[in-house]
Every structure is written in C-alpha cells, then in structure tokens.
Amino acid sequence: MTNIFNFLANPSRFRLFSQKAYPYTLLIMSIFISTGLWFSLFNSPPDYQQGETVRIMYVHVPAAWMAMMIYFFMTIMSIFALVWRHPLADILSKCSAPIGAGFTLVALVTGSIWGKPTWGTWWVWDARLTSVFILFLIYMGHITLVRAFEDEYKGARAGAILTLIGAFNLPIIKFSVDWWNTLHQPASVLKLGGPSIHIEMMVPLILMALGFLFFYFSILLINLQTELNIRKLKKLFIKKFSEKKSF
Amino acid sequence: MKKFNRLIIRDIHIVVKGASDAGAALLFYLLAIIMFPLSSGTDATLLTSIAGGAIWVAALFSSLLSLDRLFRSDFEDGSLEQIVLSGISLETIVLSKCFAHWLTNGLPIVILSPILSLIIGLDFSYWWILGLSLLLGTPSLTLIGATPAALSCAIGKGGVLTALIILPLMLPVLILGSGAITAEISGLGGIGHIYALAAILPLSLLAVPFLASKALRLGWE
C-alpha cells in the first residue's frame, strides 16, 4: 500500500497514470449509470405511499452520499497534506472541492423537487436540510479562498487548513436526522443493524451510487491533469524567462 | 504563563488605547440589536420570539467584524514575527490573541446581554440561559474565526472574503446558541443545546491553535 502511495507521489508519474486511467473510469461510469438508470426508471417498484416520485431517490441519495464522502476524502487528504506534506494530497483536496459543491447542489435541488409532492413544501428548515446547505456554503468558501491566492501551492495548503476547520460539520450532517426528530427521514441504508430498504430498491441505488463515484473519479482526474499542467506551464515559463534574462 | 499574561496585557492595552477596533465592534453590537425592533416592528410578542436570535446574530456579527483584525495589524507591521523570534511558540500566541479578543469582545457582550434582553422584550427570567449560551458560545466564535482570520493575513487582503469563509463555519454555533433560548421559552428546555455548545468549545480549543499557526506560517513562506 505504501509503495503505491510513494509510486504515485511523483506528480509527472501521476499525470501519466491519470491519463491512462481516465478512459477506464469513463467506461465503468457509463456502464454503472446506464444499468442503474434502467433499473431505477423501469425495473424497480414504485413506493406504496409515494408512487412514482420515489424514483427521485436514485439521484438524490447517491448525490448526497457523494457530497459527504468527498468532504470526508478532502479531510483525509488535508491531514496528509499538513502532517506528511504529501505533494499530491493538497492538490487532490483542492480539485475535489468544486465536484463536491456540484453534488451538494444536486442533492439540495433534487431534494427540494422531491419535497414538493411528498412533504408539500419546497423547503423546510429542518436539521438535515440546514446542515447540507451549510456544507454547500463551506464548499463555496473553500473554492473562493483557494482561488484568492496567486500562488497555487499556497492556495492549496490554505484550502487544506480550511477543510479541517469545516470538518466538524460532517458528523452533524450524518447524525442530524438521528439526533433531532425532524421532517427528513432517518438513514435507512447506512446504519447499524443492516439496511431496512427492500432489495429491489437497493440494487438500483447501489448501481447509481457506484456510477456517481466513478463520475467523481473521472472528473477528479481531469481536474488534476489541468492543475498539474498549469503548474508545469508556470515553471517552464519562469525557466524560459530567467534564461533569457541571463543573456 | 508569565509570557502568556504579558501577551494578553499587551493586546488589551492596544484595545484600551483605541488602536484596535474592538470598541467599535462593541458599539456595532448595540446598533445591530436596535436594528431588529426598528425593522420588524415593536410588537411585544413578536419581539419576545425573535429576541434570542437577534442578540445572537448581533453577537456573531460583532465578533466577525473584529476578527478580521485579530492578527492583521501585528502581522503587517512585523511585530508578530518578532514575538515568535523571542522564543514563544506561535500556538501560544494564537491562544493568547484569541483569549484577549474574547476578553475585549465576547465578555462585554455576555455582560451586556441580560440588560439588552430587557429592551428587546425577552423576559428577565431567561437571563441565565441567554448568559450561559453566550458564555459558552462566544469563545467558540472567536476560536472558529481565528483560522480564517490567519488565512486572510496570508492572502494579504481581507474584508468580504474573510466574512464569506467565517460565516458558514459559525452557523452551527449560532443555531445551537439561539436554539437554546427558543427551546427554553417554548418549554422544551434548552439545556441540551448548552451541552452541545459545551462540547464545541474544547474541540475548537484543541484544533485551532495548531491550524491557525499553520495558516500564519503559510503567510511567512
């Protein structure tokens, strides 16, 4: 395991790896998303209370999972960046933030669309909704901060520090529906004592979640390549400029 | 410990001389509270229901305004660097700065709030829950805001950006603090919120000195 970490720690080696891995992540994503969509739209039962609107769940729940998982991943990477100064960790954290913000927005919007027919309202100030909204604001603050620095290296490190300060919001989101008795339903898949959701709904949900995960991987790889290219271009430019001056 | 005290006395001295805007932040707190009755009407029952939230929002903005200057002046004129060179660890300096900020901003707010709750229409029998939530909440506000304040020094510009970063991080404290008062008024008992606030304070006390000094060192790189 440590060997893999060390092997991929070299940015140019990682760039080659990401270029090779990118098409595969796209392929796996399209397989999961297409089968998942077929299952969730045509081959899963409607809910006995909510009817067909329950199908929003197959987008809403994976997006919400991803929103939290990406922040968790960013937290781990920030610890790596600050404690061991891993050269790629802060870049990974920086490149994940816009994707996480996107998933959070998708979760909020689909949740709102789902809330109108089932709860009768677009928005309630319930614990889960509020904390996910705060998560979105933290993501946006992170993106703004990182881009305020002129130096990419400093910006990515600053983002890592901010990620750790915001990380205490994560357990609040996960357990908000268990701690407070609010409108949003408690967890029914990821909880102690096994999932309480029927297998016919579970299968498309897992497929969509895996599809979303590989979607995240492929976007992350593209973001990483862009970031590494920008850094390399700047270095080349400085090198060229300093060589010219010496003549 | 002697050095720690001296650092705090130095910061308080700066505030008393008027060289920092901590006094202005306190005045802002009074002004912000007056805004609520003036904007949403002087109806007594309405005021009672928003009083806790109004006091908490005013406290949060007052803290936010003064936090932007927490490290900035010392960072820019180089005195922070000199204090570090004198052999005091940066983590200690961060803690002393936060403590001095709380003494000059948080503590006056805690003391003033029971009096102000009278003019905004909160029943005086709730003064203890208001005071307790502010006593536990304002140090957390200072500590949570310290790291973004240090980061804004590293960028070199502050203002709106600092507020944009700090505000979402402070929201859980605001929700719990004003929630304690609303829960107490509605008869549910606000002590659960107080427990949660009491948990946030030691957690931020542990994490913040480390992270804020990381952020300040980033500015020196």
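As the structure is a computational prediction, the values presented were derived from the model and not from experiment.

## Points about the interface of chain A and chain B
By a frequent convention, interface size equals the accessible area lost on bringing the separate parts together.
Thought 1: Across the boundary between the two partners, chain A contributes 20 residues, which contact 19 residues of chain B.
Thought 2: If you list the elements that add at least two residues to the side of chain A that touches chain B, you get α5 (127-148), α6 (152-166) and α7 (169-179) of chain A.
Thought 3: At eight residues, α6(A) tops the list of elements feeding residues into the side of chain A that touches chain B.
Thought 4: The residue inventory of the side of chain A that touches chain B, partitioned by class, reads 14 nonpolar, four polar and two charged.

## Quick look at the confidence of the model for chain B
Residues and elements named next belong to chain B.
Thought 1: Looking at chain B, pLDDT values average 85 and 98% of them are 70 or higher.
Thought 2: The spread of mean pLDDT over the elements of chain B runs between helix α1 (residues 2-17), the lowest at 80, and helix α7 (residues 127-155), the highest at 90.
Thought 3: Prediction confidence for the complex, expressed as pTM and ipTM, is 0.86 and 0.83 respectively.

## A closer look at the nonpolar core
Among soluble globular proteins, nonpolar side chains are generally buried collectively.
Thought 1: By size, the foremost hydrophobic cluster in this structure holds 111 residues, and its most contacted members are A67(A), A158(A), I161(A), A146(B), A150(B) and A215(B).
Thought 2: Looking at this core element by element, the count peaks at 14 residues for α7(B).
Thought 3: Ignoring any residue separated from it by four or fewer positions in sequence, one finds A215(B) in contact with A158(A), I161(A), T147(B), A150(B), L151(B) and A154(B).

## Some remarks on unusual backbone geometry
Residues and elements named next belong to chain A.
Thought 1: Of note in the backbone geometry, R85 takes a positive phi value of approximately 50 degrees without being a glycine.
Thought 2: Mapped onto the secondary structure, R85 falls in the loop between α3 (57-84) and α4 (89-119).
Thought 3: The class for R85 is exposed, based on 10 C-beta atoms found within 10 Å.

Each value, and the rule that gives it
- Residues numbered from 1 in each chain as written.
- Chains lettered and ligands numbered in written order.
- Predicted model: local features only at pLDDT ≥ 70, side-chain atom pairs only at ≥ 80, totals over all residues.
- Contact = placed C-beta atoms within 7 Å.
- Helix = DSSP H or I, 4+ residues; strand = E, 2+ residues; numbered from the N terminus.
- Nonpolar A, V, L, I, M, F, W, Y, C, P; charged D, E, K, R; others polar.
- pLDDT = per-residue confidence, 0-100.
- Core = buried A, V, L, I, M, F, W, Y, C linked by C-beta atoms within 7 Å.
- Buried ≥ 20, exposed ≤ 12 C-beta atoms within 10 Å, placed from the backbone.

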